[in-house]
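Architecture and fold: a report
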Amino acid sequence: MAMRLPLPGSQPTPLRDDDFERDLHVEHQLLNMGPSHPATHGTVKFLIELDGENIVDLDIQVGYLHRGFEKECESGTWYQAIPYTDRLNYNSAILANLGYVLAVEKLLGIEPPERCQWLRTMGGELSRMGDHLTRCGAACLELAAMTPFLYGIEARELTWDLQEMLCGARVTSNYIRIGGVKHDLHPSFPQKCRDGIAKIRALLRDFDDVVTGNRIFVDRLRGTGVISKEECLRYAVTGPIARSAGIPLDLRKQEPYLVYDQLDFDIPVGEVGDNYDRYLVCVEEMHQSLRIIEQCLAKLEKLGPGPVNTLDPRVRWPAKGRVFNRMEELIQQFKSVTEGPRVPAGEAYHAIESANGELGFYVVSDGTAVPVKVRCRPPSFINLPPMRKMLKGALLADLIPTFDFINMVGGECDR
Amino acid sequence: MENFGSPALRRLLEFFPSQVEATHANFGDATARVAPGSLLEIMRLLRDEPGLDFEMLTDVTAVDYLGEEPRFELVYHLYSVKRNHRVRIKSRVSEQAPEIASLVSLWPSADWMEREVWDLYGIRFRGHPDLRRILLYEEFEGHPLRKDYPKEKRQPLVGPRN
């Protein structure tokens, strides 16, 4: 039985006695959907006001995965926040690591070595692949197509295998460190990665064959969940949703960070701003990510072995051989471990293009080893409210693909 | 006060010389701290002034400087897609009257972000159409991101109201 809560501005129209032409559904129905619904991959509750099958109004209730990310960050060292960022968007953990670390490095004024920049870029793009594959695959599943979901998940497994080679973990990577990355590449990585890319391309082709022209899929997506350019700007919507509406906004091009200014890739842009455009944008972005990964591999091989971590003593531990034999390095190691790095006082905001849009971190330091504030600007949270606008007057069934392609990730939305 | 070459800061100092309290551009982020009473007009100028065109209110958050007066600092990040530039606007409100004008009338994106700041910091937004808690539940007592809210404090979850 639906729980009745008043929704703002929604009164059922009273029926006049002589109005025989009217539909029988005179009373609006309130429907609770979620917080744990099999057709939404995300923990969120919709309180839907229905007129028959049409959505009159919608209240989106989030917060079910709130676990105090910012509060936790304010009680540990700057390093100890990195594993928490893994758990923000668990589909693309490396990108979340990267956003946080780049903001902290902005305060510290650290420029990591060139090889590290290319490794970070490649890790981030692998992560983005995983996110887009989950989005497109799970959307198919929730529209009752099992096979393409399995193609998507198989491809995501391949990206996870590569991430595992990169940092030892499949999902919660904890790969990016302040001033560097955890490891350099394993010597067999380039070959394995090229094999993986070939397999992913084959799977994407299969996916494309089954889905892109599929009548059922296209009918459910085309013309649903439409958002205009102007609405995107007013609601601060970024990422594939803004690009599907025709805004060529991608921070990798607009404000190039890492080595994106040296890479050759395109930004796909849609026209209509509906779910089908979002799907096409995501698929094309996956092909672009594969291109970027290939360029990174070639560059890393050309650069040859080299340091992947900064030598800045504020954030790096000294070499173990020196720690065991010299007093100064022993003290430095002790201080680094027990206190953690001290970050200069000040505030900085750094935004990266994550798979869902602008992922920004606003960090404030008072010069000690514990952050005053670590604010995550979560694209999932900010892209979600316009969904109410997208779905007003639409069919209840349109909610599923619209929510799928907004790709709200509970961990990031609720923090 | 200096404008550090930022067109947004230059305009602000031109139009609101007495309401801008401080500016800086540390780490390359153009920042202005403004009087809370004139936040709405300042934001309207930043949005509508040709040449600035801040169409996007990217982020709204707050920082609790416990022990300082005024205690809370609201932090707004604006971004212009057209001009590809950013500015950060800050404004301080006191512990006794933690209230500031809502920006929902200028940018609907402020809606959820202001609800989050109300939820976690207990700062009220004048003119917000629907200022409910968003991440926590209605029955939650206190505002957990305030520095004087103990991290270890637990509150039992209560069932839904009827």
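See the structure above.
Heads up: these notes are all about the structure in this document. The structure displayed is predicted, hence computed values, not measured ones.

1. Observations regarding the overall build of chain A
- Scanning chain A from terminus to terminus reveals 17 helices and 8 strands.
- Along the longest, intermediate and shortest principal axes, the C-alpha atoms of chain A span 95 × 45 × 35 Å.
- When each of the 415 residues of chain A is scored for burial, the buried share is 49%.
- A fraction of 70% describes how many contacts in chain A between residues 6 or more apart in sequence connect residues 24 or more apart.

2. Considerations on the overall build of chain B
- In terms of regular secondary structure, chain B is built from 3 helices and 7 strands.
- Secondary structure of chain B in N-to-C order comes out as α-β-β-α-β-β-β-β-α-β.
- Scaling as 2.2 N^0.38, a compact globule of 162 residues should have a C-alpha radius of gyration of about 15 Å, and chain B matches this with 17 Å.
- Dimensions of chain B along its principal axes, counting C-alpha atoms only, are 55 × 35 × 25 Å.
- Per-residue burial for chain B yields a buried fraction of 42% across its 162 residues.

3. Examining the sheet that holds strand 4 (residues 72-80) of chain B
All names here are of chain B.
- Across the sheet, 5 strands lie side by side as 1-2-5-4-3; this open sheet has mixed pairing. In this open sheet, the two edge strands, each paired with only one partner strand, are strand 1 (20-24) and strand 3 (56-64). This sheet shows a mean twist of 20 degrees between the axes of neighbouring strands, independent of strand direction.
- Inspection of the sheet shows strand 4 paired to strand 5 (residues 85-93) by 9 bridges, in the antiparallel sense. Each residue of the ladder has a partner; that of Phe72, found in strand 5, is Val93.
- Seen against the sheet, helix 1 (residues 7-15) touches strand 1, strand 2 (31-34) and strand 5 and runs at an angle of roughly 160 degrees to strand 1.
- Along the sheet, helix 3 (residues 110-121) makes contact with strand 3 and strand 4, crossing strand 3 at roughly 5 degrees.

4. Looking at helix 3 of chain B
- A rise of 1.5 Å per residue sets the reference length of helix 3 of chain B, with its 12 residues, at 16 Å; its end C-alpha atoms lie 16 Å apart and thus fit the reference within 8%.
- Buried residues dominate helix 3 of chain B, accounting for 12 of its 12 residues.
- Within helix 3 of chain B the residues assigned to the buried category are Ala110, Asp111, Trp112, Met113, Glu114, Arg115, Glu116, Val117, Trp118, Asp119, Leu120 and Tyr121 of chain B.
- On its buried face, helix 3 of chain B sits against helix 14 (379-383) of chain A together with strand 3, strand 4 and strand 7 (124-126) of chain B.

5. A closer look at the sheet that holds strand 7 (residues 357-365) of chain A
Residue and element names in this part refer to chain A.
- Spatially, 3 strands are ordered 6-7-8 in an open sheet, and the strand pairing comes out antiparallel. Each edge of the sheet is formed by a strand with only one pairing partner; in this case those strands are strand 6 (346-354) and strand 8 (373-377). Taken pair by pair, the neighbouring strands of this sheet meet at an average axis angle of 15 degrees, ignoring direction.
- Note that strand 6 and strand 7 share 9 bridges and pair antiparallel. The residue bridging His350 from the neighbouring strand is Phe361, located in strand 7.
- Along the sheet face, helix 3 (residues 93-108) touches strand 6 and strand 7 and points at about 150 degrees away from the line of strand 6.

6. Section: helix 13 (residues 327-338) of chain A
Residue and element names in this part refer to chain A.
- Here helix 13 contains 12 residues, and its C-alpha end-to-end distance of 17 Å stays within 8% of the 16 Å for a straight helix at 1.5 Å per residue.
- Of all 12 residues that make up helix 13, 0 are buried, and the element is exposed over most of its length.
- Residue Gly340 follows helix 13 closely and has a positive phi angle near 85 degrees.

7. As for the interface of chain B and chain A
- Opposite the 28 residues of chain B that make contact, chain A presents 33 residues.
- Only strand 3, strand 4 and helix 3 of chain B provide two or more residues apiece to the side of chain B that touches chain A.
- Per-element tally for the side of chain B that touches chain A: the top contributor is strand 3 of chain B, with 6 residues.
- Partitioning the side of chain B that touches chain A into residue classes produces 15 nonpolar, 6 polar and 7 charged.

8. Comments concerning the packing of helix 6 (residues 189-211) of chain A against helix 11 (residues 275-303) of chain A
Residues and elements named next belong to chain A.
- The contact between helix 6 and helix 11 brings their axes to 11 Å, and the two run at 165 degrees. The angle between the axes of helix 6 and helix 11 places the two elements in the roughly antiparallel class. Read as a crossing pair, helix 6 and helix 11 show a hand that is left-handed. Contacts between helix 6 and helix 11 involve Pro190, Cys193, Arg194, Ile197, Ile200, Arg201 and Leu204 on the former and, on the latter, Met286, Leu290, Ile293, Glu294, Leu297 and Glu301.

Criteria and thresholds
- Residues numbered from 1 in each chain as written.
- Chains lettered and ligands numbered in written order.
- Predicted model: local features only at pLDDT ≥ 70, side-chain atom pairs only at ≥ 80, totals over all residues.
- Helix = DSSP H or I, 4+ residues; strand = E, 2+ residues; numbered from the N terminus.
- Buried ≥ 20, exposed ≤ 12 C-beta atoms within 10 Å, placed from the backbone.
- Contact = placed C-beta atoms within 7 Å.
- Rg over C-alpha atoms; globule rule 2.2 N^0.38 Å.
- Pairing = 2+ DSSP bridges.
- Axes fitted to C-alpha atoms, helices over the stretch in contact; angles between N-to-C directions.
- Expected span 1.5 Å × (residues − 1).
- Nonpolar A, V, L, I, M, F, W, Y, C, P; charged D, E, K, R; others polar.
- Parallel < 35°, antiparallel > 145°, perpendicular 65-115°, else oblique.
- Left-handed = near helix turned anticlockwise from the far one by under 90°.

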